[in-house]
Amino acid sequence: MADGSPDPRTARISTQEALALHAAGRPGKLEIRITKPLVTARDLSLAYSPGVAEPCLEISRDPNLAYDYTDKGNMVAVISNGTAVLGLGNLGALAGKPVMEGKVALFKRFADVDGIDLCIDTEVVDQFIECVRYLGPSFGGVNLEDIKAPECFIIEDRLRELMDIPVFHDDQHGTAIVAAAGLMNALLLTNRDIAATRLVVNGAGAAAIACVELLKAMGMPHDSIVLCDTKGVVYQGRTEGMNQWKSAHAVPTSARTLAQAIEGADAFFGLSAKGALTQAMVRQMAARPIIFAMANPDPEITPEEARAASPQAIIATGRSDYPNQVNNVLGFPYIFRGALDVRARTINDAMKIAAANALAQLAREDVPDEVSTAGAGHRLQFGPEYIIPNAFDPRLISRVAPAVAKAAMDSGVARRPIADLRKYARELSGRLDPTANALDAIMESVRANPKRVVFAEGEEEKMVRAAVAFRNAGYGTPILIGREERVRATMTALGLGHAEGVEIHNARLSHNNRRYAEFLYWRLQRRGYMARDCQRMVNQDRNVFAASMVATGDADAMVTGLTRSVSVCVDDIALAIDPAPSAIAFGLTLMVGARGTTIFIADTLMHFRPDARQLADISCGAAAAARELGHEPRVALLSHSTFGNPEHATANTMREAVAELDARGVDFEYDGEMSPDVALDASYRALYPFCRLTGPANVLVMPGLHSAHITSRLAPRLGGGGTIGPLVIGLTHAAQLVAMDASVSQIVEIAGIAAHQAALRERARPPGG
């Protein structure tokens, strides 16, 4: 608003807040980061003169090598002349720069695509085209932005002809792809066929024309779409206000106004102005109308107004404060990600349709908790209020980009095909979520060797959703512990149906109840427990029941922790499951850095102040776990002291633990006591030439639970990485814990790790054992 206060209808921030963000610190939203070390004179000689001559010569011989030796393959230029900045009109090239910087930031945030903003100060079409054309060798793709119609059509068409990299006007195609995805789901919910659907599109600018063209490519008949502009219906024979792009979509009709065209229509797309669609018009539409009012910041009709006129209407807007936001960020980052990764020559209709179908399919699946955390704020479920994925769904990159890449390959525009699209999808997940890469090998092995995993708190909504997701992923058979009627009711409320392949066991009514009680009494009778105590625990304690299932071989692994503290869960599990022979039970947390480096921290779960022998046992267990996950362990026993400096009694235990490892003759690198900087930084380690570590430590053994817990909770919040765990290591059977605030995705990950542990124990068990 003029006084700088937020408009309560459309804004959640004030003018001052927005300006302060852009001006704070380093002005703007972007900076350039160097990817190679440039510390020494040798580094400079390699990166610049004379070393830089070598890749120049190679690229001169083979231009395709630019993708190997430069950032071309991951670089998109976001280019505008500022003639249609947001909904603000022609502000000029320079005034459009904040938007272009923002677009570059979105590319990086959502798809790890690097970008540069280019603001070209000309409205002459030929000059703009020539400028972009000759800058082309620097980029892997071009995203055109905020260019007014009809010039944007001419510019995009000409550049696509002249350049051999993808050129994509997001204002056109991004909107079209996301809107098409939403329409596919709305048609599914209303039992309509696209070939028999009547659509009215109000607005004939860049986005509207692109929507019409894409829907026709997807199977909607030409005569089923009526296009309207400020002059009325675009009909065959009309001459006023026409151009070649409107003429291509003119239809034979007697309707001359939007009100006439809308009568009996199944769907409405608005890309025009506030208030263009009235309640009276909505009442004239077919039953259960589909209304996409996409004008910004104020839609053609508000959802409240539309629903008052037609209570069963399915409604989408361009605003984030209403359900079903048509948001371009659902499209362009992932479309370019897929196109760049196969080095596509262009982005064609097949790739756009693939993106739309991938988005539509994703909206039909169970929604991860991360979506609500990022902004939805409530439980989302496929239906009239959720037909378009949320922009913060972490699965977008691994669903849309592979679909686009596959379509590029199938349509013959890919220059570097991807052989294994499933592996590619997993790599994409890890590109943004560092934790995902560390889980990749584990989850694939579990899918190849599925297990029976008990989800102990089976009446909890998150556990139910995690169990269904576990089954859907092909990881094995989930077993929910709870009252069947309550679990089934939860499934129904969540829209998960009957969930075939998910077992439900009621602890009190289970036919195995007596056998578990006898097993427990056999274990505990000399530890102060009566038979009735064991029966009561099996009947009433789902953790004990689940642990008994695993211990007696009725299940392979278990996961719990949503409703009870870690210490209580550990005690419950210990009633039925022992530490492995000659092993120690402890907690191991994986810290996965933003650049893919993994560090294992122990003990983050059980031993408050371990003695030297326990520290040695923990070191051996952590090293073995690191090896199981594909890492060659280098163990550092940490302290505030480094090799006796400063001398203090609290460091003696770590020093004694090193002596214990010496006596055992272990087969991994280790040393201590040392501070974290010596363990992780080569320059500090060089001060101690006798140090046994040949590289940075990847297993950090802490002197106590307090330091381990603080480090594992604090470091990821400072460094931008992720964590897995704490994992329970060293039990005879696989049992894992989740935090009380764990998301569904985290529960599935931990359940997968438990299944993986069960498989490892199965392989290690001697024949007949």
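Before reading further, recall that the structure is shown in the block above.
Rules behind the numbers
- Residues numbered from 1 in each chain as written.
- Predicted model: local features only at pLDDT ≥ 70, side-chain atom pairs only at ≥ 80, totals over all residues.
- Heavy atoms only, no water.
- Core = buried A, V, L, I, M, F, W, Y, C linked by side-chain atoms within 4.5 Å.
- Buried < 20%, exposed > 50% of the residue type's maximum accessible area, 1.4 Å probe, protein only.
- Helix = DSSP H or I, 4+ residues; strand = E, 2+ residues; numbered from the N terminus.
- Contact = heavy atoms within 4.5 Å.
- Pairing = 2+ DSSP bridges.
- Axes fitted to C-alpha atoms, helices over the stretch in contact; angles between N-to-C directions.
- Phe/Tyr/Trp six-rings, centres within 6.5 Å; stacked < 30°, edge-to-face > 60°.
- Lys NZ or Arg CZ within 6 Å of the ring centre and 35° of its normal.
- Expected span 1.5 Å × (residues − 1).
- Right-handed = clockwise from strand over helix to strand, strands pointing away.

Novice: Describe the nonpolar core, naming the residues involved and giving the relevant values.
Specialist: The biggest cluster of nonpolar side chains holds 105 residues, and the ones touching the most others in it are L215 and F269. If you tally residues by element for this core, the top one is helix α8 (residues 170-189), at ten residues. What F269 contacts, discounting residues up to four positions off in sequence, is A179, L183, L199, V200, V201, N202, C211, L215, F292 and M294. Listed in part, the 63 residues of the second largest apolar core include A499, I504, A623 and L637.

Novice: With reference to specific residues and values, describe the sheet that holds strand β10 (residues 314-317).
Specialist: Taken in spatial order, the six strands make up an open sheet running β7-β6-β5-β8-β9-β10, and their pairing is mixed. Lying at the two open borders of the sheet, with one neighbouring strand each, are β7 (232-233) and β10. The pairing of strand β6 (residues 225-229) with β7 spans two bridges and is antiparallel. Paired with C228 across the strands is V233, a residue of β7. Of the strands in this sheet, β8 (267-270), β9 (290-293) and β10 touch α8, which is tilted by about 160 degrees from β9. Across the sheet, helix α9 (residues 206-217) lies against β5 (199-202), β6 and β8, angled at about 175 degrees from β6, the strand it touches most.

Novice: For the sheet that holds strand β2 (residues 114-119), give the residues involved together with the corresponding values.
Specialist: Across a sheet, paired strands are connected by hydrogen bonds in the backbone, their directions being either parallel or antiparallel. Spatially, β2-β1-β3-β4 is the arrangement adopted by the four strands of the open sheet, whose pairing is parallel. Unpaired on one side and paired on the other, β2 and β4 (167-169) mark the two borders of the sheet. Averaged over all pairs of adjacent strands, the angle between strand axes in this sheet comes to 20 degrees, irrespective of strand direction. Two strands pair when backbone bridges link them, and strand β3 (residues 141-144) and β4 are joined in this way by three bridges, in the parallel orientation. The residue bridging N143 from the neighbouring strand is F168, located in β4. Of the strands in this sheet, β1 (75-80), β2 and β3 touch helix α6 (residues 125-135), which is tilted by about 165 degrees from β1.

Novice: Break down the packing of aromatic side chains for me, with residues and values.
Specialist: Two numbers describe a pair of aromatic rings. These are the distance of the centres and the angle of the planes. Counted according to the given criterion, the structure contains 13 aromatic pairs. For the pair F643 and F690, a centre-to-centre distance of 4.9 Å together with 70 degrees between the ring planes defines the contact as edge-to-face. One end of the pair, F643, is in the loop between β17 (634-638) and α27 (652-664); the other, F690, is in the loop between α29 (682-685) and β19 (699-701), with 47 residues separating them in the sequence. With relative accessibility at 53%, the residue F690 sits in the exposed group. Plain terms: the ring middles of Y688 and F690 are 6.0 Å apart, the flat faces sit at 80 degrees to each other, and that makes the pair edge-to-face. Lying across the ring of F332, K103 places its NZ or CZ 3.8 Å from the centre. Residue placement shows R256 over the ring face of Y235; its charged tip is 3.6 Å from the ring centre.

Novice: Please provide a residue-by-residue account of helix α5 (residues 97-111), values included.
Specialist: The end-to-end C-alpha distance of α5, which contains 15 residues, comes to 21 Å, matching closely the 21 Å that a straight helix rising 1.5 Å per residue would cover. Where α5 is concerned, the buried positions are V99, M100, E101, G102, K103, V104, F107, F110 and A111. With its phi angle positive at about 55 degrees, D112 sits one or two positions after the end of α5.

Novice: I'd like a rundown of the pairing of β5, residues and numbers included.
Specialist: Taking every second residue as pointing to the same face, both faces of β5 are buried, with L199 and V201 on one and V200 and N202 on the other. Bridging between β5 and β6 involves four bridges; their strand directions are parallel. When the bridges of β6 are listed, L199 appears paired with I225. Between the parallel elements β5 and β6, the chain passes through α9 in a crossover that is right-handed. Relative to β8, β5 runs parallel, the two being bridged by four bridges. From the neighbouring strand, L199 faces β8, where its bridge partner is A267.

Novice: Lay out the side chain of N324 in plain terms, naming residues and giving numbers.
Specialist: As for its position among the elements, N324 is in the loop between β10 and α14 (332-341). Apart from residues lying up to four places away in sequence, N324 is in contact with I315, A316, T317, P384, E385, Y386, I387 and I388.

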